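Observations on chain architecture
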Amino acid sequence: MAKIWLQSPALVLSAALLSASALAQQSEPADELEAVQLYTDEALVSMFEDNRHLQQVEQIDRCQLVMDIEAQAELEQRPTYQFLYGDMLAWGVCYERDVELGLHYMRVAADQGLIQALEQLGRYYHTGTIVQQDTERAIRYLREAASLGNLAAQKRFADIMLAGNGSPYDFTHAYHWLHHAETGDRDEHQRIQQKLEQLAKLMPPSAVEKARQKLL
């Protein structure tokens, strides 16, 4: 995890904002905004997984960290903040909307291996959300996220294979990832099983047997 140094401009700014907020609270009503602490990488990943990061920064924290978020993305170059900043820009959350710049920061985060950025870009290219639909690009992003254990990417990757796309190599991996996926949700388990059965019908028995192995 990237280190946050004490001399970071974002933290100096945060300290100044906190001091100003503390002074202001002495004369302001108790229901005024309380200073919001900078998110940890772990907290952001949890928000990304539940898709509540945009709601958090806009509706709950009321855009108080916009300068810190931008600084962490641009100056500290932290992948979690690059993805957050990019998604906020792409949808006009707390910033003026800039889809092109937002996608740039999402791609930078994906290039650094942030699973949530890889999965979201793959999903966007698959569905044509804020980008032109591009199945080949979707496969590239989703393949990477799926190989890192992201279940949402694994399921969508399998759906793309079932729609008639991908190579025999991709089919083998799609089956492999879902076969070894773990979930405590019975309905989810049943949906995965159905996808495995559908994939198996499109694969040679030898490929299915290979995909069931622990390692490929």
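Scroll up a little and you will see the structure.
Nothing here was measured: the structure is a model prediction, and the numbers come from that model. Sequence order sets the numbering: in each chain, residues are counted from 1 along the sequence as written. The predicted nature of this model means local features are confined to residues of pLDDT at least 70 and side-chain atom pairs, given and counted, to a pLDDT of 80 or more, with totals for whole chains, interfaces and linings taken over all residues. The side-chain figures draw on all heavy atoms in the structure; neither hydrogens nor water molecules are used.

Let us now look at the overall build of the protein chain. Secondary structure elements are taken from DSSP: a helix is a run of H or I of four residues or more, a strand is a run of E of two residues or more, and numbering for both begins at the N terminus. Each helix and strand counted, the protein chain has twelve helices and zero strands in total. Starting at the N terminus and ending at the C terminus, the protein chain contains elements arranged as α-α-α-α-α-α-α-α-α-α-α-α. The classification of residues rests on relative accessible area computed with a 1.4 Å probe and restricted to protein chains. Under 20% of the type maximum is buried, over 50% is exposed, and intermediate values are partly exposed. The 216 residues of the protein chain split such that 40% are buried. In the structure as shown, the protein chain presents an accessible area of about 12300 Å², 49% of it carried by carbon and sulfur atoms. The accessible surface values rely on the Shrake-Rupley method and a 1.4 Å probe; as for residues, cover is taken only from the protein chains in view.

Looking at the element boundaries, H53 is found in helix α3 (residues 53-60). Setting aside anything within four residues of it in sequence, one finds H53 in contact with M47, F48, F83, L84 and D87. Contacts were defined at the residue level, with two residues in contact if any of their heavy atoms lie within 4.5 Å.

Before going further, it helps to examine the environment of H179. Relative to the assigned elements, H179 resides in helix α10 (residues 168-179). Relative accessible area serves as the criterion here: at 34%, H179 is assigned to the partly exposed category. Apart from residues lying up to four places away in sequence, H179 is in contact with L196 and R212.

Looking now at the state of the cysteines. Defined by distance alone, a disulfide is two cysteine sulfur atoms within 2.5 Å. Taken as a whole and assessed by the stated rule, the structure comprises one disulfide. Between the sulfur atoms of C63 and its disulfide mate C94 the distance is 2.0 Å. Looking along the S-S bond of the C63-C94 disulfide, the torsion reads about -75°, which is the left-handed sense. Residue C63 is located in the loop between α3 and α4 (66-74), and its partner C94 is located in the loop between α5 (79-91) and α6 (99-111); the two are separated by 31 residues in the primary sequence.

Moving on, we get to the side chain of H176. Within the secondary structure layout, H176 lies in helix α10. When near neighbours in sequence (up to four residues on either side) are disregarded, H176 contacts A211, Q213, K214, L215 and L216.

The next thing to look at is the environment of Q198. Tracing the backbone through its elements, the reader meets Q198 in helix α11 (residues 186-201). What makes Q198 partly exposed here is its relative accessible area of 41%. A sequence separation of 36 residues divides Q198 from L162, and the C-alpha atoms of the two residues are 7.3 Å apart.

A word on the environment of A145. If you trace the backbone, A145 turns up in helix α8 (residues 135-147). A145 sits in the buried class, given a relative accessible area of 0%. When neighbours within four sequence positions are excluded, A145 is seen to be in contact with I115, L118, E119, N150 and A153.

We call a set of buried residues a nonpolar core when its members are Ala, Val, Leu, Ile, Met, Phe, Trp, Tyr or Cys and they connect through side-chain atoms within 4.5 Å of each other. Y39, I69, Y81, L84, M88, M161 and L199 are the most contacted members of the largest nonpolar core, which has 56 residues in total. Residues contacting L199, with those up to four places away along its chain left out, are A158, M161, L162, F171, A174, Y175 and L178.

Here we take up α6. An expected span of 1.5 Å times one less than the residue number is assigned to each helix. Under the 1.5 Å per step criterion, the end-to-end length of α6 is 18 Å for 13 residues, consistent within 8% with the ideal 18 Å. Of the positions making up α6, those classed as buried are G102, L103, Y105, M106, A109 and A110. The arc that holds every buried residue of α6, seen down its axis, measures 160°, which confines them to one face. Structural note: α6 exposes E100 and D111 on the side pointing more than 90 degrees away from its buried face. Buried-residue contacts for α6 involve α4, α5, α7 (115-127) and α8. Directly beyond the C-terminal end of α6, a positive phi value near 90° is found at G113. Comment: arc refers to directions from the helix axis out to C-beta atoms.

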